[in-house]
Structure formats: C-alpha cells, structure tokens
Amino acid sequence: MMKQEKLTPQKAYKNRPKKWIYNLLLFVLFVGIVIYSIVSSGLGASRAINWERLQNLGKGFINPNVEFLLGIGEYSGEKFVHSVPYLTLQTIAIAFVGTLIAAILAIPFGFITARNVVGNKVSKIGEVLLIIIRTFPEILLALILIRVSGIGALTGTIVIGIHSVGMIGKLYAEAIENMESGPLEALDAVGANTAVKIRHGIFPQVMPDFLSTVLYRFDINVRTASVLGIVSAGGIGAPLIFASTNYHWSDLASIMYAIIIMVTTVDLISSYLRKKLI
Amino acid sequence: MNATNKSTLLDKIYPQKIYNVNGKIIKKPRNKTIFIAILVLIIFIGLLFFIPTRNITIKFEQFPVIVKKMFSPTTGKTKSWAGWFLYIKETVWPLMLETINMCFLGTLFGATMAIPFSILASRNISKKGIIYQPVRLFMNFIRTIPTYVLAVIAMICFGIGLLTGVVAMTIFTFGLLTKMLYEIIETVDMGPFESLESAGATKIEAFRYAVIPQILPIFIGYFIYAFEINVRGSVILGYVGAGGIGLELDTAISEGSHYYDRVGAIVVVIFLVVLILQGFTRYARRKLQ
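Being a predicted model, the structure only gives us computed values, none of them experimental. (Residues numbered from 1 in each chain as written. Chains lettered and ligands numbered in written order. Predicted model: local features only at pLDDT ≥ 70, side-chain atom pairs only at ≥ 80, totals over all residues.)

1. Some remarks on the overall build of chain B
Scanning chain B from N- to C-terminus turns up 12 helices and two strands. Ordered by position from N to C terminus, the α and β elements of chain B give α-β-β-α-α-α-α-α-α-α-α-α-α-α. Relative to the globule expectation of 19 Å for 289 residues, the C-alpha radius of gyration of chain B, 28 Å, shows a markedly less compact shape. Judged by the C-alpha coordinates and their principal axes, chain B covers about 90 × 75 × 40 Å. (Helix = DSSP H or I, 4+ residues; strand = E, 2+ residues; numbered from the N terminus. Rg over C-alpha atoms; globule rule 2.2 N^0.38 Å.)

Structure below.
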C-alpha cells in the first residue's frame with residue numbers, strides 16, 4: 001500500500017486549481033468591451049455641463065409655480081384641467097384603472113399558464129403569449145393605440161391594461177403553481193362541484209399572492225402612466241416634456257415635485273399593504 | 001352591560017351573525033373583504049372622472065390599418081421592401097447598437113458606484129448606524145426619482161445626446177443595484193469575514209476574501225438584470241432626450257407625414273432585441289444561481 005501523503009494547508013494551497021488564465025482572459029475581454037464601448041460612443045467629445053441651465057432649474061425648484069402646482073388662482077375653474085393636481089390625479093387614475101383591467105384580464109392567462117392546471121404543453125403556449133405581451137414596449141403600444149382610441153387618458157389606460165397582463169399573468173401563474181393540492185383533494189373527496197372548489201379551495205390560497213402582485217404592478221404603473229404622456233396618452237408626462245423643452249423652469253420644477261411626491265406616496269402605500277398581506 | 005344591545009348603522013346594513021355557544025353569546029367577525037371591495041370600487045368610480053371619454057370614439061377598425069401600414073413600405077426612403085431592409089441595416093441597427101452601448105455604459109458606471117455605497121449601507125459590514133442610516137436615506141431618495149425625470153434633468157445639463165442617457169441610467173442603476181447589493185451582503189455568512197479579521201486582516205482584505213466570493217455570482221446576475229431593464233427603458237429615454245433609437249422613433253412618427261413603415265421597422269428591431277436579451281438574461285441568471 002502506498003504511503004498516503006499528508007495534506008498540509010501549504011500543500012493544499014499550492015495545489016489549488018489554477019484558474020488565472022481563464023480569469024485573465026475574461027478580464028481582458030471585459031476591459032476590451034468597456035474600452036470599445038466608451039470609444040465608439042464618442043462620450044469623450046461630449047459637451048460639458050451647461051451650468052446656466054442647471055442654475056435656472058435650481059431657481060425653479062426654489063420658486064415653483066405655486067398657482068400651477070396647487071391649481072389655484074389662474075389655474076382654478078376652467079383651466080383646472082391643466083393644473084398639476086388634476087394631471088397627477090389623472091396619472092393615478094390611468095394607473096389604477098389600467099391595473100384593475102389588467103388584474104382581471106390576467107386571471108385566465110394565469111390559469112392557462114399554470115402547469116398544474118393545464119399541463120405542460122398548453123402552459124408553454126400561455127408562457128410564450130405572456131412573454132410577447134411583456135416584451136412589447138409600452139411606448140410602442142401607446143403609439144399604435146393612439147390611432148385607435150385617440151389622444152388622451154383613455155389610450156394610456158388601455159395601454160397599461162394590456163401591457164401589465166404580461167407580468168401580472170406570469171406572477172398569477174406562479175402563485176397558482178405554488179398552491180397546495182391538499183384542500184382541493186379534500187373538497188373532491190366530499191364531492192364539491194367546480195364552483196365550490198374554486199371558491200373554497202383555490203381562492204383563499206392564491207388571493208394574497210394575487211393582491212400583492214397587483215399592488216406591486218400598480219406601483220410600477222404609476223411611473224409608467226406618468227411617462228406615457230410623452231406620446232400624448234394622458235397624464236403628467238406631456239406637460240413635463242413641454243416644460244423641459246421650452247425651459248419653463250418653475251413649471252418644470254412644480255411637475256417634478258408632484259411626480260416625486262406621487263411616486264413616493266404610492267410606493268409607501270403599496271409596500272405597506274403588501275407587507276400586511278404576507 | 002348593555003353595550004351589546006346598542007345597534008349602530010353598520011349593524012343595520014351588515015348585521016353580524018350571533019351564535020349562542022353554551023350560554024355564551026359570540027359574534028362572528030365581519031368579513032372585511034366586502035369593505036375593501038367597496039372602498040376599491042369607490043376609488044375606481046372616483047378616478048374614472050379623470051379619464052375623459054367624451055368626444056372619443058374608439059376606432060377598432062384602425063388597428064389593422066395601422067399594423068398594415070407598418071408593414072407596407074411606401075414612403076420616402078422606404079419605398080420598397082429592399083429599401084425597408086436597407087433602412088433597418090443602415091439606420092435602425094446602428095442606432096440600436098448605439099442605444100445598447102449607452103445602456104451598457106450606464107449599467108457599468110452605476111454598478112461600479114453601487115459597490116462602495118452598498119458596503120457602506122450594509123448593516124453587518126459598516127456596523128455603525130451613523131454611517132449606514134444616512135447612506136440608506138440618500139439611496140431611498142435617489143430611488144424615488146423616476147428614470148425619465150433623471151433624464152430630463154440630464155438633458156437640461158448636457159443637451160440631447162447619448163451622454164444624457166448614460167448619466168440617467170447610471171443614477172438609476174446606482175440606486176437599484178445599491179439596494180439589491182446591500183440586501184444580499186446582509187445575508188452572507190459572516191464566519192469567514194470574522195475569522196479573517198481576527199487573524200489580522202484589514203476590513204478591506206477580509207471583504208475581498210470572505211464576502212466577495214459569496215456575492216460575486218449574484219452581483220453579476222443583478223448586473224445583467226439591470227442592463228435588461230435599461231435596454232427596455234432606453235426607448236422612453238430616447239424620447240426624453242437620450243438620443244439613440246427613441247429619437248429616431250420620435251422623428252419617424254411626428255414629422256407630420258407619419259412614416260408608419262419606418263415605425264414598423266423600428267418596432268421589429270426593438271422587439272427582437274428585447275426578446276433575445278430577455279432569453280439571454282434568463283439563461284445567464286439560471287446558470288449563475
């Protein structure tokens with residue numbers, strides 16, 4: 001029998017797998033990509049910061065257009081629809097109604113995609129459908145749908161209603177797949193019909209997951225809704241772009257204040273409710 | 001005790017079921033779902049007023065018309081299918097590469113900035129509340145600013161161009177990745193770190209040899225994830241002033257003459273790129289985890 005060599009830490013360290021060539025190659029490749037992309041993007045030749053405009057924006061933040069921000073004075077009455085409070089609420093409305101539409105539309109998609117409901121083959125079809133819906137950028141969808149339902153908040157709502165189905169449907173399907181089969185089998189055993197099985201076997205199990213998905217998506221959609229205005233699909237995005245391209249500093253600052261307050265509030269509410277659900 | 005006999009308005013609308021269990025009177029708690037549903041319904045109806053539907057007719061028949069227009073090359077540069085593909089090859093594809101380039105740089109810079117900040121923000125490494133609390137507060141503030149607002153501010157500073165996009169994406173990625181990273185750093189096994197420190201290693205050395213090996217694969221996964229988000233968002237950022245493919249889309253659709261065939265070409269390219277990227281991301285993250 002051969003004498004077994006004693007393995008000391010020093011020897012083990014010496015015999016450690018040599019990966020440095022592989023690591024070096026990866027490193028060189030990465031650095032190469034970085035250098036290539038910096039050079040080819042021509043960032044080196046970019047302009048310096050335009051301090052004057054930045055200062056103006058700062059002044060705008062100090063002196064926001066209060067009448068515009070609060071919808072009073074010049075912006076009360078007829079012109080209230082062009083004021084920040086109205087547009088902010090419209091943005092929330094687009095997100096809320098759109099998310100609700102998507103939450104309902106996504107239920108059949110969720111069941112079609114859940115493997116334990118329909119089996120592997122049909123589930124693949126559902127999955128591909130959801131990926132296509134999810135991948136298609138919402139701004140392109142808005143550009144197409146603006147010809148169908150016209151300029152305004154309705155288009156934004158429809159866009160969000162369709163686009164969100166992709167993600168909500170996927171998360172619904174995951175919730176359904178994680179369901180315990182015990183309660184369903186028990187209901188089967190006592191002879192419950194399909195409606196009762198859905199009401200008492202599936203509903204209580206998936207509802208918290210469903211609601212938390214919808215709340216999460218609502219949070220995202222508030223941000224999306226405020227950007228859809230860029231293509232005139234309603235909400236606060238259109239005046240944002242208008243003010244920024246025309247250098248209306250105090251208007252721009254008012255809109256940015258409103259957006260940040262709105263996004264933060266919705267984020268806090270949504271994460272509070274989600275924490276309560278789980 | 002007469003309190004049980006007091007009936008409120010709520011009791012009249014939605015009476016509680018009362019059971020008599022061994023002489024004890026027990027009220028069944030009300031089902032809260034119904035109240036929540038009513039609340040949601042009220043909010044829903046209230047918010048509907050903000051979505052004007054008057055003077056709007058939904059023209060469903062327009063949908064196939066638009067889609068057909070997008071895939072029938074008739075105007076200007078894109079008069080024929082050959083011209084359509086040439087347009088993709090000579091205009092759309094280089095712009096797409098430029099956009100991807102911009103996203104890569106933004107993600108890279110943001111991720112690089114995220115590393116030191118996430119170390120400062122993680123409870124188990126920086127230990128002192130005086131350090132990690134302000135850093136977290138700052139990061140929370142950065143994360144609440146939507147990317148397009150960042151892009152608008154960057155556009156004001158740098159004008160329309162790729163730099164604007166890179167700056168906006170850097171800040172966005174910085175906020176996103178710092179949070180994801182410090183959360184993952186807080187879950188690492190601290191044993192190796194402590195033993196290295198007790199053997200005399202400095203904090204940086206201990207971090208390098210005890211923590212980085214644990215978080216590196218996850219970090220790379222997050223990097224790819226952030227890159228994917230940035231590519232998807234780049235179309236919108238282009239509209240706001242980041243240049244690239246979004247700007248071309250804007251000119252194609254708003255030049256008055258509505259080059260829908262060009263829009264179609266752009267849509268196809270963006271869709272395919274995002275789809276391929278998503279497949280790659282899924283594959284890479286599965287491999288890493």
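Having seen the structure, we can now continue with the description.
2. A look at the overall build of chain A
Secondary structure assignment for chain A yields 13 helices and zero strands. For chain A, the sequential pattern of α-helices and β-strands runs α-α-α-α-α-α-α-α-α-α-α-α-α. Taken over the C-alpha trace, chain A has a radius of gyration of 27 Å; the compact-globule value for 278 residues is 19 Å, which it surpasses by more than 25%. Counting only C-alpha atoms and orienting by the principal axes, one finds that chain A spans roughly 95 × 70 × 35 Å.

3. Considerations on the environment of L86(B)
Among the secondary structure elements, L86(B) is positioned in helix α4 (residues 81-121). In sequence terms L86(B) and K179(B) are 93 residues apart; their C-alpha atoms lie 43 Å from each other.

4. Re the interface of chain A and chain B
Listed per partner, the contact involves 49 residues of chain A and 50 residues of chain B. Elements represented by at least two residues in the side of chain A that touches chain B include exactly α2 (20-41), α3 (51-62), α5 (84-113), α8 (138-149), α9 (153-177), α11 (194-228), α12 (237-245) and α13 (249-277) of chain A. No other element matches the eight residues that α5(A) contributes to the side of chain A that touches chain B. In terms of residue class, the side of chain A that touches chain B is made up of 30 nonpolar, 14 polar and five charged. (Contact = placed C-beta atoms within 7 Å. Nonpolar A, V, L, I, M, F, W, Y, C, P; charged D, E, K, R; others polar.)

5. Section: the packing of α2(A) against α4(B)
The axes of two packed helices give the description: the angle between them and the distance between them. One can describe the packing of α2(A) onto α4(B) by two numbers: an axis separation of 10 Å at closest approach and a directional angle of 125°. The angle between the axes of α2(A) and α4(B) places the two elements in the oblique class. Remark: the crossing between α2(A) and α4(B) carries left-handed chirality. Contact with α2(A), carried on its side by V34(A), S37(A), I38(A), S40(A) and S41(A), involves E98(B), N101(B), M102(B), F104(B), L105(B) and L108(B) of α4(B) and no other residues of that element. (Axes fitted to C-alpha atoms, helices over the stretch in contact; angles between N-to-C directions. Parallel < 35°, antiparallel > 145°, perpendicular 65-115°, else oblique. Left-handed = near helix turned anticlockwise from the far one by under 90°.)

6. So, the nonpolar core
By size, the foremost hydrophobic cluster in this structure holds 132 residues, and its most contacted members are A142(A), I255(A), A151(B), V152(B), A168(B), V240(B) and I266(B). When residues no more than four places from it in sequence are discounted, the contact partners of V240(B) are I230(A), I241(A), Y148(B), A151(B), V152(B) and M155(B). (Core = buried A, V, L, I, M, F, W, Y, C linked by C-beta atoms within 7 Å. Buried ≥ 20, exposed ≤ 12 C-beta atoms within 10 Å, placed from the backbone.)

7. A few points about the environment of I160(B)
Residues and elements named next belong to chain B. With respect to the secondary-structure elements, I160 resides in the loop between α7 (147-158) and α8 (162-185). Along the sequence, I160 and G243 sit 83 residues apart, while their C-alpha atoms lie 6.2 Å from each other. In this structure, I160 is in contact with M155, G241 and G243, ignoring residues within four places of it in sequence.

8. Focus on the pairing of strand β1 (residues 18-21) of chain B
Two strands pair when backbone bridges link them, and β1(B) and strand β2 (residues 24-27) of chain B are joined in this way by four bridges, in the antiparallel orientation. Bridge assignment links I18(B) to a residue of β2(B), and that residue is K27(B). (Pairing = 2+ DSSP bridges.)

9. Notes on unusual backbone geometry
All names here are of chain A. In this structure, S232 takes a positive phi of about 55° despite not being glycine. Within the fold, S232 resides in the loop between α11 and α12. The exposure class of S232 is partly exposed, given the 19 C-beta atoms found within 10 Å. Here Y247, not a glycine, exhibits a phi torsion of approximately 55°, which is positive. Assignment of secondary structure puts Y247 in the loop between α12 and α13.

10. So, the domain arrangement of chain B
Split into domains, chain B comes out as domain 1 (3-48) and domain 2 (76-288). Taking only C-alpha atoms, the centre of domain 1 of chain B and the centre of domain 2 of chain B are 49 Å apart. (Domains from an automatic or database assignment.)

11. A short note on the packing of α4(B) against α8(B)
All names here are of chain B. Running from N to C, α4 and α8 point in directions that differ by 40°, and their axes come no closer than 6 Å. With respect to α8, the axis of α4 lies oblique. α8 is crossed by α4, and the crossing has right-handed handedness. Grouping the amino acids of the contact of α4 with α8 by side-chain chemistry returns 20 nonpolar, eight polar and one charged.

12. Overview of the confidence of the model for chain B
Residues and elements named next belong to chain B. Looking at chain B as a whole, its pLDDT mean stands at 84, while 95% of the residues score no less than 70. Ranking the elements of chain B by mean pLDDT puts helix α1 (residues 9-13) last, at 74, and α8 first, at 92. Confidence estimates for the predicted assembly give a pTM of 0.83 and an ipTM of 0.81. (pLDDT = per-residue confidence, 0-100.)

13. Notes on the environment of Q205(A)
Residues and elements named next belong to chain A. Relative to the helices and strands, Q205 resides in helix α11. A C-alpha to C-alpha distance of 8.6 Å links Q205 and A175, two positions 30 residues apart in sequence. Other than its neighbours up to four places away in sequence, Q205 contacts M179, E180 and P183.

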